[in-house]
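Read off the chains here:
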Amino acid sequence: MIHQTWQQKETIRTVECVHTDAKKYMVDRALTKGKTYELKNETEEFYFVVDNTGKIGGYYKDYFKN
């Protein structure tokens, strides 16, 4: 249950959102283009960041640049 402690976990690095043009989901409500976010965890396909809601959200890596 690692997801329950992500909020308190040390930030790995920050990543910048480069776009919010999602085909299927409404990403623009949780991310802002040009804003940097704290990266808490990552997988091969997703970044888990503290988004605009103040909670951890999982997003495809193509929304961000390192």
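Residues numbered from 1 in each chain as written. Predicted model: local features only at pLDDT ≥ 70, side-chain atom pairs only at ≥ 80, totals over all residues. Heavy atoms only, no water.

### Focus: the pattern of salt bridges
Then, in step 1: In the structure shown here, the tally under the stated rule is four salt bridges.
Then, in step 2: The salt bridge involving glutamate 38 is made with lysine 40; its shortest N-O contact spans 3.4 Å.
Then, in step 3: For glutamate 38, a relative accessible area of 37% gives the class partly exposed.
Then, in step 4: The exposure class assigned to lysine 40 is buried, which follows from its relative accessible area of 5%.
Then, in step 5: For glutamate 42, the salt bridge is made with lysine 61, and the minimal N-O distance between the two is 3.1 Å. (Salt bridge = Lys/Arg side-chain N within 4 Å of Asp/Glu carboxyl O. Buried < 20%, exposed > 50% of the residue type's maximum accessible area, 1.4 Å probe, protein only.)

### A look at the packing of aromatic side chains
Given two aromatic rings, one states the distance between the centres and the angle between the planes to describe the pair.
Then, in step 1: Enumeration over the complete set of coordinates arrives at four aromatic pairs.
Then, in step 2: Each ring, one from tyrosine 37 and one from phenylalanine 64, has its centre 6.3 Å from the other, and the planes form 85°; the classification is edge-to-face. One end of the pair, tyrosine 37, is in strand β2 (residues 36–42); the other, phenylalanine 64, is in strand β5 (residues 64–65), with 27 residues separating them in the sequence.
Then, in step 3: Considering the side-chain rings of phenylalanine 46 and phenylalanine 48, the 6.4 Å spacing of their centres and the 45° angle between planes classify their relative orientation as tilted.
Then, in step 4: With relative accessibility at 17%, the residue phenylalanine 48 sits in the buried group.
Then, in step 5: An aromatic cluster is built from Tyr37, Tyr47 and Phe64, whose rings are joined through pairwise contacts. (Phe/Tyr/Trp six-rings, centres within 6.5 Å; stacked < 30°, edge-to-face > 60°. Helix = DSSP H or I, 4+ residues; strand = E, 2+ residues; numbered from the N terminus.)

### Let's talk about the side chain of asparagine 41
Then, in step 1: Along the chain, the position of asparagine 41 falls in strand β2.
Then, in step 2: By relative accessible area, asparagine 41 is classed as buried at 16%.

### Focus on the pairing of strand β1 (residues 13–17)
Then, in step 1: The pairing of β1 with β2 spans four bridges and is antiparallel. Among the inter-strand pairings, threonine 14 is bridged to a residue of β2, identified as glutamate 38.
Then, in step 2: Note: β1 against β5, two bridges, orientation antiparallel. Counterpart to glutamate 16 in the pairing with β5 is lysine 65. (Pairing = 2+ DSSP bridges.)

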